[in-house]
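Here's the letter readout for the chains.
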Amino acid sequence: MEKRTMYWAVFSGFILELFLPLIIANYWTLRIFMFANIFVIFAISSDILLGYAGLLSFGQALFFGGAGYVGALLNLHFGLPLILCIAIGCGVALILGLFIGYICLRLKGPYLGVVTLIFPVLFITILHLSPAYLGGDNGIAGFAQIAGGSMHAQFYIVLVVTLASLLITIKIALGNMGLILKAIREDEMGAEAVGINATKYKVFAFAYSAVFGGLAGTLYSLVMGSVAPTTLSPHYSIYPIIMIYLGGASSIIGATIGAYVITYLDLYLLAFPFMRIIIYAGIIIVVLRCFPDGLMGIFKNIGGYQKWLSLKSKV
Amino acid sequence: MAILEIKGLRKNFGGLTAVRDLSFSVEKGKVLGIVGPNGSGKTTIFNLISGFLRADSGKVILYGEDITRLKPHEIVRKGMARTFQVVRIFRHLSVYENIKTAKLVKDKRTEALEKGIGELVSLVGLKGKENEEAVNLPVGDLKRLEIGRALATEARILLLDEPFSGLSHHEVDGIASLLIGLIKDGMTVILVEHVLRELKRLAEDIIVLDFGVKIAEGKFHDVINQQVVKEAYLGGATGAWSR
């Protein structure tokens, strides 16, 4: 997708959502849109890691849940302002991302996936072992919420942060950085042979996904007003992967669409917790088998089909 | 004046010595051919020189600087680039993007970058195919693209690993013409090749390897007729293996 089309799609979506609170009176529907936007931040930053750099990480929940916990704890125990809580949460996620990125440098594919899976599981165990300070199985609550819990204000704050995240990520994805990451994904040895320091760029991809994953995580906990160990569970590592593959890997708009679809589906499937994982597994299998380029690939094919039709009609 | 010197290079893989105390040098603007039977260590030498493998002992000196311990991307920035026996192209990137990726390492200014890419695409004979995904190109074009990508790094020494393998006669002629043009412009080339007809056209000097040992070195015609070289290729009691 061209840069101009991408920006056009993003700004159209933004303008549409600006008027959403005026059109939709239902509190819950608006709230779903807000959470979908938070997951957009999570999915697009993970797309830089998975779609562009080709690094499969099952540890994204560590950045999401970890930063969420840091932001919540800082406000609850030290009374820090929320903006500072978010910044420090992202900073902690950055340090974790650099650490994991560095120690997993030599790993690829499923090996990388398995090793990264360990980190959030390790942190969940720590949470369970120290209930007094970290809230144990029940998590923590009672810290300040963004905009004092005002639904409309929260909606607009999240919307603006999502727009900023999208613009930054598109800038990176469609720029030289995105091209270099794709080259590393295609052939790391070939990339080194043309002078690319693959190590540096792979660590960058981890760090980027960590910072914005952390941003999504802190927004999530500070909007919810509570945070629980479930935010560090493998579910939250798998969500961005499903969102990316459903929408189309290495396509920021695809990841955005995937995030909206899965957030909605997830809420409708809340009543059927065991069915959820089966349905998600089914989605991944069908998408990877039949539509490897995801929903964006289908849209492109429709475009190609229309072009073919117009050619036929001219003949 | 030698711009690349290899001094006593040695590489072991477990109990197998792939390269044994190898020394040679290449002068500016010259073409050196490396030949030898399969498994004689030709590609291992390229991997050692370009930093993809670490030598157990010996030195690689480029423009008077020891680059033995440098990483591949650092060596490229010093002015030496390589191609691979099995092309390592970014398959789902276009021809333009493949060249741009390599060009970005040295030049990030948009105007110069665009101009440079256009010139390189024409030079390697891929004009009109800029937007084609590399995965859709025939093997001859892939070889051209890989050479173009190496040139995009602004390298002054090219290490070409079997640039003619798997090509039709027509494609071989095309690549050979491209290389002759580059050599005329002063490019220094080290060429690993089995196609002796083309090697004869391109390389003045060759070295012959057998089981990681240099068994002959000198002018193409002098070396290729030596008994030890024939035995290394065709087998015999006096080959390097038996010594």
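Residues numbered from 1 in each chain as written. Chains lettered and ligands numbered in written order. Predicted model: local features only at pLDDT ≥ 70, side-chain atom pairs only at ≥ 80, totals over all residues.

A. Region of interest: the overall build of chain B. Looking only at helices and strands, chain B has nine helices and ten strands in total. Here the C-alpha radius of gyration of chain B, 18 Å, is about what a compact globule of 243 residues would show, namely 18 Å. Its C-alpha atoms put chain B at 60 × 40 × 35 Å along the principal axes. The buried share of chain B, reckoned over its 243 residues, is 42%. Excluding contacts between residues fewer than 6 apart, the proportion of contacts in chain B whose partners are at least 24 apart in sequence is 64%. (Helix = DSSP H or I, 4+ residues; strand = E, 2+ residues; numbered from the N terminus. Rg over C-alpha atoms; globule rule 2.2 N^0.38 Å. Buried ≥ 20, exposed ≤ 12 C-beta atoms within 10 Å, placed from the backbone. Contact = placed C-beta atoms within 7 Å.)

B. Quick peek at the interface of chain A and chain B. With 15 residues of chain A at the contact, the number on the chain B side is 21 residues. Those elements giving two or more residues to the side of chain A that touches chain B turn out to be α9 (176–186) and α10 (188–193) of chain A. Counting residues per element, the side of chain A that touches chain B draws most heavily on α9(A), at six residues. When its residues are assigned to classes, the side of chain A that touches chain B shows seven nonpolar, four polar and four charged. (Nonpolar A, V, L, I, M, F, W, Y, C, P; charged D, E, K, R; others polar.)

C. Structural detail: helix α1 (residues 42–49) of chain B. Residues and elements named next belong to chain B. Taken across its eight residues, α1 has seven buried, putting it largely inside the fold. Taken residue by residue, α1 has Lys42, Thr44, Ile45, Phe46, Asn47, Leu48 and Ile49 as its buried positions. Positioned one or two residues after α1, Gly51 has a phi angle of 90°, which is positive.

D. Structural context of the confidence of the model for chain B. Residues and elements named next belong to chain B. Per-residue pLDDT for chain B averages 90, and the proportion of residues at 70 or more is 96%. Here residues 238–243 is a poorly scored stretch, pLDDT under 50, and it has 13 contacts once near neighbours within four places are set aside; other chains count. Complex prediction metrics read pTM 0.91 and ipTM 0.90. (pLDDT = per-residue confidence, 0-100.)

E. Just the nonpolar core, in detail. Core analysis: the largest hydrophobic core is formed by 157 residues, its most contacted members being Phe39(A), Ala205(A), Ala216(A), Met243(A) and Leu191(B). In this structure, Ala216(A) is in contact with Ile38(A), Phe39(A), Ile41(A), Phe42(A) and Phe64(A), ignoring residues within four places of it in sequence. (Core = buried A, V, L, I, M, F, W, Y, C linked by C-beta atoms within 7 Å.)

F. Main features of helix α4 (residues 60–78) of chain A. Counted at 1.5 Å a residue, the expected span for α4(A) with its 19 residues is 27 Å, and the 27 Å between its end C-alpha atoms agrees. Just downstream of α4(A) lies Gly79(A), where phi reads positive at about 65°. (Expected span 1.5 Å × (residues − 1).)

G. Representation of the sheet that holds strand β4 (residues 57–62) of chain B within the structure. Residue and element names in this part refer to chain B. One open sheet holds the four strands; their spatial order is β2-β1-β4-β5, and the pairing between them is antiparallel. The strands lining the two open edges of the sheet, one partner per strand, are β2 (16–27) and β5 (65–66). Where strand β1 (residues 2–13) meets β2, eight bridges bridge the pair, whose relative direction is antiparallel. The residue bridging Lys11 from the neighbouring strand is Val19, located in β2. (Pairing = 2+ DSSP bridges.)

H. Molecular detail of the sheet that holds strand β9 (residues 205–210) of chain B. Residues and elements named next belong to chain B. If you walk across this open sheet you meet the six strands as β6-β7-β8-β3-β9-β10, and the pairing is mixed. Every interior strand has two partners, whereas the edge strands, β6 (80–82) and β10 (213–219), have only one. For this sheet the average axis-to-axis angle between neighbouring strands, irrespective of direction, equals 15°. Alignment of β6 against strand β7 (residues 157–161), held across three bridges, turns out to be parallel. Residue pairing across strands places Arg82 opposite Leu159, the latter belonging to β7. (Axes fitted to C-alpha atoms, helices over the stretch in contact; angles between N-to-C directions.)

I. Structural context of the pairing of strand β8 (residues 188–192) of chain B. Residue and element names in this part refer to chain B. Extensive coverage of β8 is indicated by the burial of five of its five residues. Of the strand pairs in this sheet, strand β3 (residues 31–35) and β8 are connected by four bridges, and their pairing is parallel. From the neighbouring strand, Leu32 faces β8, where its bridge partner is Ile190. Pairing geometry for β7 and β8, over five bridges, is parallel. Directly across from Leu159, in β8, lies its bridge partner Ile190.

J. Inspection of unusual backbone geometry at higher detail. The backbone of Ser250(A) shows a phi angle near 50°, a positive value even though the residue is not glycine. Within the secondary structure, Ser250(A) is located in the loop between α12 (234–247) and α13 (252–268). Ser250(A) gets classed as buried once you count the C-beta atoms within 10 Å, which come to 23. The residue Tyr63(B) is not glycine, and still its phi comes out positive at about 50°. In this fold, Tyr63(B) is placed in the loop between β4 and β5. Residue Tyr63(B) is classed as partly exposed on the basis of its C-beta count, with 16 C-beta atoms lying within 10 Å.

K. Broad picture of the packing of helix α1 (residues 3–18) of chain A against helix α8 (residues 151–174) of chain A. All names here are of chain A. One can describe the packing of α1 onto α8 by two numbers: an axis separation of 11 Å at closest approach and a directional angle of 175°. Comparing the axis directions of α1 and α8 gives the class roughly antiparallel. Where α1 abuts α8, its residues Lys3, Met6, Tyr7, Val10, Phe14 and Glu17 lie against Leu159, Leu163, Leu166, Leu167, Ile170 and Leu174. A per-class count over the contact of α1 with α8 returns ten nonpolar, no polar and two charged. (Parallel < 35°, antiparallel > 145°, perpendicular 65-115°, else oblique.)

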